[in-house]
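Survey of secondary and tertiary structure
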Amino acid sequence: MNRRVPVLSLCAAFAVAACSPDNVAAPVKRVAAPNLLAEAGSAPRHIVLMAAGAVPTDFTARVEALGGTVRSVNGAAGVAVVSGLSAAAATQLAASGVGNVQPDFQVSLENAIAPVRA
């Protein structure tokens, strides 16, 4: 009689396991790579990371002398956004000791992401 209890328990466990769904993980959706593109017809933008961490007092004058416009400045972070500079002018601005000048680019997703409900 003692042998029946473990056998019946084992059979019940197998029956419960057989009734469970086969999918234990949600299927993974592949996401396409981001589409990196620049806006057509807009002036090129550059991000400037100041060398000393502070914006020089003559920064706006330097940018305007090279044909650009300062769009925004964050003095606490030592970062500025500049538009209208050519690649040569951006190189010249970086060589003047202002800091690191990199071209800005816009990232957009090919497919809109649906909102997630919690």
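What you see is a predicted model, and the numbers here were worked out from it, not measured in a lab.

**Quick look at the overall build of the protein**
Assigned secondary structure in the protein consists of three helices and six strands. Each helix and strand of the protein, placed in order from N terminus to C terminus, yields the pattern α-β-β-α-β-β-α-β-β. Residues classed as buried in the protein amount to 15% of the 118 residues present. The long-range share in the protein, meaning contacts at least 24 apart out of those at least 6 apart in sequence, stands at 68%. Just so you have it, the protein exposes about 9300 Å², and 60% of that area is on carbon and sulfur atoms.

**Some details on the sheet that holds strand β5 (residues 99-103)**
Read from one edge to the other, the open sheet built from four strands follows the order β3-β4-β2-β5, with strand pairing classed as antiparallel. The open sheet has two free edges, formed respectively by β3 (69-74) and β5, since each of these has just one partner strand. Strand-to-strand twist of the sheet, defined as the mean angle between neighbouring strand axes without regard to direction, takes the value 20°. Direction of pairing for strand β2 (residues 45-50) relative to β5: antiparallel, over a ladder of five bridges. Residue pairing for β5: V48 is matched across the bridge by V101. Contacting β2 and β5, helix α3 (residues 87-95) runs over the sheet at an angle of about 165° to β5.

**Focus on the nonpolar core**
Formed by V48, M50, F59, V63, A80, V82, L85, A89, A90, L93, V98 and V101, the largest nonpolar core amounts to twelve residues. At three residues, α3 tops the list of elements feeding residues into this core. Apart from the residues lying within four places of it in its own chain, the contact partners of L85 are P44, H46, V63, L66, G67, G68, A90 and L93.

The rules we used
- Each chain has its residues counted from 1, running along the sequence as written.
- Local features are withheld for residues below a pLDDT of 70 in this predicted model, meaning they are given only at 70 or higher, and side-chain atom pairs are given and counted only at 80 or more; totals for whole chains, interfaces and linings count all residues.
- By convention in this description, side-chain values take in all heavy atoms of the structure and omit both hydrogens and water.
- Numbered from the N terminus, helices here are DSSP runs of H or I no shorter than four residues, and strands are runs of E no shorter than two.
- Exposure is judged per residue with a 1.4 Å probe applied to protein chains only, and the accessible area is read against the type maximum: over 50% gives exposed, under 20% gives buried, and values in between give partly exposed.
- Only heavy atoms enter the contact rule, under which two residues are in contact if any of them lie within 4.5 Å.
- All accessible areas in this document rest on Shrake-Rupley with a 1.4 Å probe, and a residue is counted as covered only by the protein chains that are shown.
- Between any two strands, pairing holds if DSSP finds at least two bridges.
- For every element, the axis is a line fit to its C-alpha atoms; helices are fit only across the contacting stretch, and the angle between N-to-C directions ranges from 0 to 180 degrees.
- In plain words, nonpolar cores are sets of buried Ala, Val, Leu, Ile, Met, Phe, Trp, Tyr and Cys residues tied together by side-chain atoms within 4.5 Å.

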